[in-house]
Amino acid sequence: MSVSEMAHEVVDVSAEIGGAGTEGLGGAAPDVRRVLLVWDAPNLDMGLGAILGGRPTAAYRPRFDALGRWLLARTAELSVGSSTRVEPEATVFTNIAPGTADVVRPWVEALRNVGYAVFAKPKVDEDSDVDADMLAHIEMRSRGAGLAGIMVASADGQAFREPLERLAARGIPVQVLGFREHASWAVTSDTLEFIDLEDIPGVFREPLPRVSLDSLPDEGAWLQPFRPLSALLTSRPAQGVA
């Protein structure tokens, strides 16, 4: 995904998203409940690239302003009847590969201008992903007055399924955002609500060219790899494909 091009697609929504200077990633005010949006950028970038079969054009890049408006509407919905103040907070978690800071900077600054916090972590090896940081942020925000609702945008069921199910069991509204092709664990869950990103108004300007194994065209379709084959040379050993 071209992050420098994405920056030009993001426009200002409201300082409300991200809490308008919201104590950074620190603790929330004790009397504030959060409607929390956590965006797993590495995971969703990979999923979108797999759907498109390559780098997205402007029409196929997610619009974070539209997502922010949706979060504001969801917050208003969850605020009804609440005895405590309810605020939205959105954070994009991302890795920064060596030598890409200048390319990524415009995208990060554009997100912050819209009202998103950004957690950026150097990508130095296979263990440098941001899963643990996202989970720590969710845990922190669940303390004190707690969460009025949470949305996690990711297809990573290994990292998020059990923590989100525990939150749902406590009565917290939980939604998983992503692409249905890559998040069957959430689509089929009895306790988690799944929302396809393409179903949120305005997030994509054009319909994604999606191919499902359940609705293949008669002439067949190409399904692109999620990662290059050369990744096998640097990735940790994993269970093979039979």
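Attention in this report is confined to the structure presented alongside it.

Cut-offs applied
- Once a new chain begins, its residue numbering starts again from 1 and follows that chain's sequence as written.
- With the structure being a predicted model, the display of local features is reserved for residues of pLDDT at least 70 and the display and counting of side-chain atom pairs for 80 or more, all residues being used for whole-chain, interface and lining totals.
- Processing note: side-chain calculations cover all non-hydrogen atoms of the structure and skip hydrogens and water entirely.
- Secondary structure is summarised from DSSP: a helix means a run of H or I of at least four residues, a strand means a run of E of at least two, and numbering begins at the N terminus for each.
- A simple rule labels every residue: compare its accessible area, found with a 1.4 Å probe on the protein chains alone, to the largest value its type can have, and call it buried under 20%, exposed over 50%, or partly exposed in between.
- Should any heavy atoms of two residues lie within 4.5 Å, those residues are considered in contact.
- To estimate how far a helix should extend, the number of its residues minus one is multiplied by 1.5 Å.
- The rule for pairing is simple: two strands pair if DSSP sees at least two bridges between them.
- Each direction from the helix axis to a C-beta atom contributes to the arc, which is the arc of those directions.
- Within 3.5 Å is the distance limit for a polar contact, defined as a pair of N or O atoms, with the added protein rule that one can donate a hydrogen and the other accept it, and that residues adjacent in sequence qualify only through two side-chain atoms.

### Quick look at the side chain of Ser142
Okay, so step 1: Residue position: Ser142 is located in the loop between α5 (131–141) and β4 (147–153).
Okay, so step 2: Taking the relative accessible area as the measure of exposure, Ser142 reaches 11% and is therefore buried.
Okay, so step 3: Excluding its chain neighbours within four sequence positions, the residues that come into contact with Ser142 are Leu147, Leu167 and Arg170.

### Focus on helix α2 (residues 41–52)
Okay, so step 1: Here α2 contains 12 residues, and its C-alpha end-to-end distance of 16 Å stays within 8% of the 16 Å for a straight helix at 1.5 Å per residue.
Okay, so step 2: Those residues of α2 that sit buried are Ala41, Asn43, Leu44, Gly47, Leu48, Ala50 and Ile51.
Okay, so step 3: Structurally, α2 contributes buried residues whose contacts are with β1 (32–40), β2 (85–96), α4 (101–114), β4 and β5 (174–178).
Okay, so step 4: Count one or two residues on from α2 and you reach Gly53, which has phi positive near 75°.

### Concerning the pairing of β2
Within a regular beta strand, the side chains point alternately toward one face of the sheet and then the other, so they alternate between its two faces.
Okay, so step 1: Within β2, 11 of the 12 residues are buried, which leaves the element mostly enclosed by the surrounding structure.
Okay, so step 2: As paired elements, β1 and β2 share 9 bridges and run parallel to each other. Bridge pairing in β2 places Leu37 opposite Ala90.
Okay, so step 3: Summarising the sheet, β2 and strand β3 (residues 117–122) pair through 6 bridges and their orientation is parallel. Along β3, the bridge assignment pairs Thr94 with Ala120.

### Regarding helix α6 (residues 157–169)
Okay, so step 1: Taking 1.5 Å per residue, 13 residues should reach 18 Å; α6 reaches 17 Å between its end C-alpha atoms and fits that length.
Okay, so step 2: All buried positions along α6 are accounted for by Gly157, Ala159, Phe160, Leu164, Leu167 and Ala168. Around the axis of α6, the buried residues are gathered within 140° of arc, so they sit on the same side. Among the exposed residues of α6, those oriented more than 90 degrees off its buried face are Gln158, Glu162, Arg166 and Ala169.
Okay, so step 3: Packed against the buried residues of α6 are β1, α5, β4, β5 and α7 (184–187).
Okay, so step 4: Where α6 begins, one side-chain oxygen reaches toward the backbone nitrogen of Gln158, 3.3 Å away; that side chain belongs to Asp156.
Okay, so step 5: Gly171 lies just past α6 and shows a positive phi near 90°.

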